[in-house]
Amino acid sequence: MKKITNGRDKLNDFAPDFARYNDDILFGEVWANAALAPHERSLITISALMGMALFPQLKNHMILGKENGVTKEEISALITQLAFYTGWPKAWTAFNMAKEIWTDIKVEGD
């Protein structure tokens, strides 16, 4: 199975239980549950992270989402929808990240 997290790499010496929960339970069991496809899980996770303005994690999950088949059109529609529910500034930040990830172009400013 492809490694999609590095909890142990980053936290094992400092917080081994958290690193294990992160790698084995969250990404090992929850993300592997067949009830939702990885594509759907990515859309859900991106939505939650944007809503909470957790932008470092959002960027990582956008990258994973692209790997899970989320298209530029889907991410654009998702961010537009969420702009009305989570806030316009969050959408601008999310669009800047998405544009960089889906087009490989660095975006400066809002």
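Each chain carries its own residue numbering, running from 1 in the direction its sequence is written. Restriction of local features to residues with pLDDT of at least 70 applies here, the model being predicted, together with a cutoff of 80 or more for giving and counting side-chain atom pairs; totals for whole chains, interfaces and linings are based on all residues. With hydrogens and water set aside, each side-chain value is computed from the structure's full complement of heavy atoms.

## Remarks on the nonpolar core
To form a nonpolar core, buried Ala, Val, Leu, Ile, Met, Phe, Trp, Tyr and Cys residues must be joined to one another through side-chain atoms within 4.5 Å. Each residue's exposure class comes from its accessible area (1.4 Å probe, protein chains only) as a fraction of the maximum for that residue type: buried when under 20%, exposed when over 50%, partly exposed otherwise. One finds M50, L58, M62, I75, I79 and W102 to be the most contacted residues of the largest nonpolar core, which totals 18 residues. Mapped onto this core, the elements with two or more residues apiece are α3 (38-51), α4 (55-67), α5 (72-86) and α6 (88-103). A run of DSSP states H or I qualifies as a helix once it reaches four residues; a run of E qualifies as a strand once it reaches two. Both are numbered from the N-terminal end. Looking at which element gives the most residues to this core, the answer is α6, with six residues. Residues within four places of M62 in sequence aside, it is in contact with I46, I75, I79, A94, M97, A98, I101 and W102. Contacts are residue-level and defined by heavy atoms, with any inter-residue pair within 4.5 Å sufficient.

## Some words on a nonpolar patch on the surface
Patch members must show over 30% relative accessible area and no salt bridge, and they are joined within 9 Å when carrying like charges or within 5 Å when they are nonpolar side chains of Val, Leu, Ile, Met, Phe, Trp or Tyr. Accessibility throughout is a Shrake-Rupley quantity obtained with a 1.4 Å probe, and a residue counts as covered only by protein chains that appear here. A side-chain nitrogen of Lys or Arg and a carboxyl oxygen of Asp or Glu constitute a salt bridge if their distance falls within 4 Å. Where nonpolar side chains cluster on the molecular surface, the patch consists of Y21, I25, L26 and V30 and spans about 320 Å² of accessible area. Overall, the relative accessible area of 39% leaves V30 in the partly exposed class.

## Observations regarding the side chain of S42
As for its placement among the helices and strands, S42 is situated in helix α3. Beyond its immediate chain neighbours, meaning those up to four positions away, S42 contacts W31, L64, G65, N68 and V70.

## Let's talk about the packing of α3 against α5
Where helices are involved, their axes are fitted lines through C-alpha atoms of the stretch in contact, as for all axes, and angles between N-to-C directions lie from 0 to 180°. One can describe the packing of α3 onto α5 by two numbers: an axis separation of 10 Å at closest approach and a directional angle of 35°. Judged by the sense of rotation from one axis to the other, the crossing of α3 with α5 is right-handed. Between α3 and α5, the residues in contact are H39, L43, I46, S47, M50 and G51 and E74, I75, L78, I79, L82, A83 and T86, respectively. Three classes are used, and their members are as follows: Ala, Val, Leu, Ile, Met, Phe, Trp, Tyr, Cys and Pro are nonpolar, Asp, Glu, Lys and Arg are charged, and the others, Gly among them, are polar. For the contact of α3 with α5, the residue count by class is eight nonpolar, four polar and one charged. Should the near helix be turned anticlockwise from the far one by less than a right angle, the crossing is termed left-handed; should it be turned clockwise, right-handed.

## Overview of unusual backbone geometry
Phi angles above zero are rare outside glycine, and A53 is one such case at about 60°. Relative to the helices and strands, A53 resides in the loop between α3 and α4. Residue classification places A53 among the partly exposed positions, given a relative accessible area of 30%.

## Points about helix α2 (residues 16-30)
Along α2, the sharpest change in direction is near 25° and occurs at N22. If you check which residues of α2 are buried, you get A19, N22, D23 and F27. Those residues of α2 that are buried are in contact with α1 (7-11) and α4. At any given residue, the bend is defined as the angle formed between two axes, one fitted to the seven residues that end at that position and one fitted to the seven that begin there.

## A word on the environment of N12
Assignment of secondary structure puts N12 in the loop between α1 and α2. Considering only alpha carbons, one finds N12 and I79, 67 residues apart in sequence, at a separation of 34 Å. The contacts of N12, once residues within four sequence positions are left out, are G7 and A19.

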